[in-house]
Amino acid sequence: MSPQSVIDFFKELKCYHILNNKGGSIMRVFIAGVDGYLGWSLAMYLTARGHDVAGADCYHRRDWVAEMGSQSATPIKRMTERLQAFRETFGTNLQFIRGDITDYNFVWNFFRAFQPEAIVHLAEMPSAPYSMIDVHHSAFTHTNNLIGTINILHVMRDICPDAHLVKLGTMGEYGTPNIDIPEGFFEIEYRGRKDTLPFPKQAGSWYHQTKVHDTNNIMFACRVWGLRSTDIMQGVVFGTRIDEMGYDESLLTRFDFDQSFGTAINRFCAQAVIGMPLTPFGKGHQRRGFLPLRDSMQCLTIAIENPPEEKQYRVFNQFEEIYDLTELAVKVQKVAANLGLTVEVRNLENPRLELEEHYYNPDHQHLIDLGYKPTHDIETELKIMLKDLLKYKHRIEARAHALIPDIRWDGSRKKVGFIK
Ligand code: USQ
């Protein structure tokens, strides 16, 4: 799209005035990846709080899930219908242009016209298994994730150097070291000298590696060009909804449950709904930080509304609580039983190479200091999820085969079996 046509697009939306709007607590927020699980929810959450939101997406996520032979449990409408429902509910447009962040000119034109004050970058390939399929998927994950971030950093430097980049990283960047994990940096004494340095990264997949590379690139851009950024080390997100979605099906966000794009709790809930055993991998004592979708929205908004200083690169570890995978499966089993759903917990052979029993103690204080109030009620959230998913049981059953993994970390492709 040419620069003039992007500007015409914003004029047509009658929001051209925002190009010159300075100051105030209402911010112009650009969301890269606005058609995704987090992006669509965040667009609603921010709009409901009065922010001017614009977004871009090239529908990669829809294609990747289809490639996995799966579909979202919640039915996802075409973007035109989603935008119409958005307009009817919120009384304002979500300013959307279809486009790919790996296209530098697209990012340049969009930022030039919209002049974002905050940029939330969610437009990355988010799946560890998908990145481990083969060389092509690994290379695609690197190209997609690294080039998208590089483009955003360069366009920020040239068009909106005062804007704040809120970049979605992952707790998985740190891996599972046998010591406490700080928020990004730690003080170290080595051979009698002290410094504050980035905490070592030990990612567990090619996908997680791309997030580590992004972190290095963003830190460099902040140091050299004076940009400001919050790198969010987010844990595993779960949930079907946030309150802003109400009961309009067109406003629901996607809910994936396949081996690549479904995450642990979401998969357990999908399994419970169709009566399939819940599947901790291997010994099932992997520990991770988890947070509900509504807390993820709260935290991202806190980060946006409390930008860092010029040149500052800061890290937030974003999760609510740490759980052991088997403990979680048992929680899902219990809440499902209260709804009359009987399900077993059965361990599956682990397709991944990871520690299955380990120490895990990451800090997560920065967001709490800024006002984050964790939901703390996982069982209520699980009940909401299971009730929502029961409406779409047929859609999960139709793709039940996608729940059993066959993507292995050694590069082979063979379905895993139950081990007990
Ligand atoms: N797991 C099971 N059974 C399952 C699915 C997963 O035991 O049916 C285990 C995995 O082996 C792993 C843990 O659960 O030990 C988490 O797996 P996951 O698929 O929920 O999450 P992961 O691959 O780590 O990636 C997800 C998101 C990613 C995000 C990351 C945050 O897909 O985008 O960055 O969570 S974190 O895990 O903290 O790195």
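Residues numbered from 1 in each chain as written. Predicted model: local features only at pLDDT ≥ 70, side-chain atom pairs only at ≥ 80, totals over all residues. Heavy atoms only, no water.

A short note on the sheet that holds strand S11 (residues 313-318)
The seven strands lie next to each other as S3-S2-S1-S4-S5-S8-S11, forming an open sheet whose pairing is parallel. This sheet does not close on itself; its edge strands, each paired only once, are strand S3 (95-98) and S11. For this sheet, the mean inter-axis angle between neighbouring strands, taken without regard to orientation, is 20°. Contacts from helix H2 (residues 37-48) reach strand S1 (28-32), strand S2 (52-57), strand S4 (118-121), strand S5 (164-170) and strand S8 (228-234) within the one sheet, and its direction differs from that of S1 by about 170°. (Pairing = 2+ DSSP bridges. Helix = DSSP H or I, 4+ residues; strand = E, 2+ residues; numbered from the N terminus. Axes fitted to C-alpha atoms, helices over the stretch in contact; angles between N-to-C directions. Contact = heavy atoms within 4.5 Å.)

Things to note about the pattern of salt bridges
For the structure on display, the rule yields 21 salt bridges. As a salt-bridge pair, Arg254 and Asp256 come within 2.7 Å of each other at their nearest N and O atoms. On the basis of relative accessibility, which here comes to 4%, the residue Arg254 falls in the buried class. We classify Asp256 as buried; its relative accessible area is 3%. (Salt bridge = Lys/Arg side-chain N within 4 Å of Asp/Glu carboxyl O. Buried < 20%, exposed > 50% of the residue type's maximum accessible area, 1.4 Å probe, protein only.)

Let's talk about the sheet that holds strand S9 (residues 236-238)
Taken in spatial order, the three strands line up as S9-S10-S12 in an open sheet, and their pairing is mixed. One side of each edge strand has no neighbouring strand; the edge strands of this open sheet are S9 and strand S12 (321-324). Neighbour to neighbour, the strand axes of the sheet diverge by 45° on average, direction disregarded. With four bridges joining them, strand S10 (residues 287-292) and S12 adopt antiparallel strand pairing. For Arg287, the partnering residue across the bridge sits in S12 and is Asp324.

A closer look at the packing of aromatic side chains
Applying the stated criterion across every chain yields a total of 15 aromatic pairs. Both rings, one in Phe185 and one in Tyr313, keep their centres 6.1 Å apart while their planes meet at 80°; by these two values the pair is edge-to-face. With Phe185 in strand S6 (residues 185-190) and Tyr313 in strand S11, this residue pair connects regions lying 128 residues apart in the sequence. Given the relative accessible area of 29%, Phe185 is considered partly exposed. Assessed through its relative accessible area of 12%, Tyr313 is described here as buried. (Phe/Tyr/Trp six-rings, centres within 6.5 Å; stacked < 30°, edge-to-face > 60°.)

Some points on unusual backbone geometry
Positive phi is not limited to glycine here, since Tyr59 has a value of about 65°. Structurally, Tyr59 can be placed in the loop between S2 and helix H3 (60-67). Relative accessible area serves as the criterion here: at 17%, Tyr59 is assigned to the buried category.

Brief notes about the site of the ligand
Looking at the ligand, there are 22 residues lining it, with Thr170, Tyr207, Ala264, Phe281 and Glu354 nearest. Note that an oxygen atom of the ligand is positioned 2.7 Å from one of the backbone N or O atoms of Ala264. One of the side-chain N or O atoms of Arg288 is found 3.3 Å from an oxygen atom in the ligand. In the complex, 93% of the free accessible area of the ligand, which totals 730 Å², lies under the protein chains. Contributing elements (two or more residues each) for the shell around the ligand: helix H8 (206-225) and helix H9 (264-273). In terms of residue count, the dominant contributor to the shell around the ligand is H9 (three residues). (Near = heavy atom within 4 Å. Polar contact = N/O pair within 3.5 Å; in protein donor to acceptor, adjacent residues only side chain to side chain. Areas by Shrake-Rupley, 256 points an atom, 1.4 Å probe, with all protein chains shown as cover.)

A word on H3
Three or more residues of H3 are buried, namely Arg61, Trp64 and Val65. Projected down its long axis, H3 shows its buried positions confined to an angular sector of 95°, all on one face. In this structure, the buried side of H3 is in contact with helix H6 (128-131) and helix H7 (135-159). (Arc of directions from axis to C-beta.)

Observations concerning the environment of Met219
Mapped onto the fold, Met219 is located in helix H8. For Met219, a relative accessible area of 14% puts it in the buried group. For the pair formed by Met219 and Ile302, sequence separation is 83 residues and the distance between their alpha carbons is 21 Å. Apart from the residues lying within four places of it in its own chain, the contact partners of Met219 are Phe185, Pro198 and Tyr313.

Observations concerning helix H11 (residues 325-338)
The terminal C-alpha atoms of H11 lie 20 Å apart, and with 14 residues this matches the ideal 20 Å at 1.5 Å per residue to within 8%. Burial in H11 covers these residues: Leu325, Leu328, Ala329, Val332, Val335 and Ala336. An end-on view of H11 places all buried positions within 130° of arc, on one side of the element. At its buried positions, H11 is contacted by H9, S10, S12 and helix H13 (378-390). (Expected span 1.5 Å × (residues − 1).)

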